[in-house]
Amino acid sequence: MSTTSSQMDTSPTAEPRADALPDNWLDTLVGYALRRAQLQVFQHLVGKLAEHDLRPAQFTAMVIIEREPGLMQADLARQLAIEPPQLVPLLNKLESRGLAQRVRGVQDKRAYGVFLTKAGTALLGQLKAIAVASDEEATSALDEDERAQLLHLLHKVTRQGVL
């Protein structure tokens, strides 16, 4: 049975149907919707990390360094998807805060490996908990199954490796 326009609730307080088409054509594009969601989740984390005078790139670098202690600077830059000269101020900030240190390579005296300090390791433990809480708070509209499904789908798109 079809619904006529006189039977539809068009009041401004009516909740949009979950399966309704978006009003904005851009919202039909996965990339656009993904970027808007990413900005929302990212801004939430930015605020939480700012309380520790850190940015997401610095946090990410610390996670990578913890996973691969002694990683060469060029390899860290590659994993962060930045140019090596962009890594220098990031590492300078971590070093000035006593969170990381660069150690000259034994084989190649021109190369430096990067390590977390004890203070960096301790802070990173706290930051990981903050990141998890921020992530869960920013995605609180999703139940556990939806969150797992979203992560699965995002990983699938990432593995596709179009870039």
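Everything that follows concerns the structure shown earlier in this document.
In this report, the structure presented in the accompanying data block is examined. (Residues numbered from 1 in each chain as written. Predicted model: local features only at pLDDT ≥ 70, side-chain atom pairs only at ≥ 80, totals over all residues. Heavy atoms only, no water.)

**Some words on the overall build of the protein chain**
Put simply, the rule is: Secondary structure counts use DSSP, requiring at least four H or I residues in a row for a helix and at least two E residues in a row for a strand, with both numbered from the N terminus. Whether two residues are in contact is decided by their heavy atoms, any of which lying within 4.5 Å being enough.
A count of helical and extended segments in the protein chain gives 6 helices and 3 strands. For the protein chain, the N- to C-terminal ordering of α and β elements is α-α-β-α-α-β-β-α-α. The contacts of the protein chain with a sequence gap of at least 6 include a subset with a gap of at least 24, amounting to 49%.

**A word on the environment of Leu127**
Positionally, Leu127 belongs in helix 5 (residues 118-138). In this structure, the C-alpha to C-alpha distance between Leu127 and Val63, residues 64 residues apart in sequence, is 9.6 Å.

**Structural notes on the sheet that holds strand 3 (residues 112-116)**
The test is simple: Here, strands pair whenever DSSP counts at least two bridges between them. For helices, the fitted axis covers only the stretch in contact; all axes are lines through C-alpha atoms, and the angles between them, taken along N-to-C directions, range from 0 to 180 degrees.
Pairing in this open sheet of 3 strands is antiparallel, and the strands run 1-3-2 from one edge to the other. Each having just a single partner strand, strand 1 (71-72) and strand 2 (100-104) make up the two edges of the open sheet. Of the strand pairs in this sheet, strand 1 and strand 3 are connected by 2 bridges, and their pairing is antiparallel. Across the sheet, Leu71 pairs through a bridge with Val114, a residue of strand 3. Against the sheet, helix 2 (residues 56-67) contacts strand 1 and strand 3, and its axis sits at roughly 100 degrees relative to strand 3.

**Quick notes on the packing of helix 2 against helix 3 (residues 73-80)**
Definition in use: Every angle not falling under 35 degrees, over 145, or within 65 to 115 is termed oblique; those three ranges are roughly parallel, roughly antiparallel and roughly perpendicular. Working rule for handedness: look at the near helix, and if it is turned counterclockwise from the far one by less than a right angle, call the crossing left-handed; if clockwise, right-handed. Throughout this entry, Asp, Glu, Lys and Arg are counted as charged residues, while Ala, Val, Leu, Ile, Met, Phe, Trp, Tyr, Cys and Pro are counted as nonpolar. The remaining residues, Gly among them, count as polar.
Running from N to C, helix 2 and helix 3 point in directions that differ by 125 degrees, and their axes come no closer than 10 Å. One finds that helix 2 runs oblique with respect to helix 3. Judged by the sense of rotation from one axis to the other, the crossing of helix 2 with helix 3 is right-handed. Residue-level contacts link Ala57, Thr60, Ala61, Ile64, Ile65 and Arg67 of helix 2 to Leu76, Gln79 and Leu80 of helix 3. Classifying every residue of the contact of helix 2 with helix 3 gives 6 nonpolar, 2 polar and 1 charged.

**Considerations on the pairing of strand 3**
For strand 2 and strand 3, the ladder comprises 5 bridges, and the chain directions are antiparallel. Within strand 3, the residue paired with Val103 across the bridge is Gly113.

**Quick look at helix 6 (residues 144-160)**
Since there are 3.6 residues in each turn of an α-helix, residues three or four apart along the chain are aligned in direction. Convention followed: To estimate how far a helix should extend, the number of its residues minus one is multiplied by 1.5 Å. The definition of a polar contact used here is a pair of N or O atoms within 3.5 Å, where within protein one atom must be able to donate a hydrogen and the other to accept one, and adjacent residues in sequence count solely through side-chain atom pairs.
Here helix 6 spans 24 Å end to end across 17 residues, near enough to the 24 Å set by a 1.5 Å rise per residue. By the N-cap criterion, in which a side-chain oxygen at the helix start approaches the backbone nitrogen of a residue two or three places on, helix 6 is capped by Asp143, the distance to Asp145 being 3.0 Å.

**Let's talk about the nonpolar core**
Let me state the cut-off plainly: Put simply, buried Ala, Val, Leu, Ile, Met, Phe, Trp, Tyr and Cys residues joined by side-chain atoms within 4.5 Å make one nonpolar core. Relative accessibility decides the category of a residue: with a 1.4 Å probe and only protein chains considered, values under 20% of the type maximum give buried, values over 50% give exposed, and everything between is partly exposed.
Core analysis: the biggest nonpolar cluster contains 24 residues, and Met62, Leu76, Leu91 and Leu94 have the highest contact counts within it. Of all the elements in the fold, those that place two or more residues in this core are helix 1 (30-50), helix 2, helix 3, helix 4 (84-96), strand 3 and helix 5. Per-element accounting of this core gives the leading share, 5 residues, to helix 2. In this structure Leu94 touches Leu54, Gln58, Ala61, Met62, Leu99 and Ala100, once residues within four positions along its chain are discounted.

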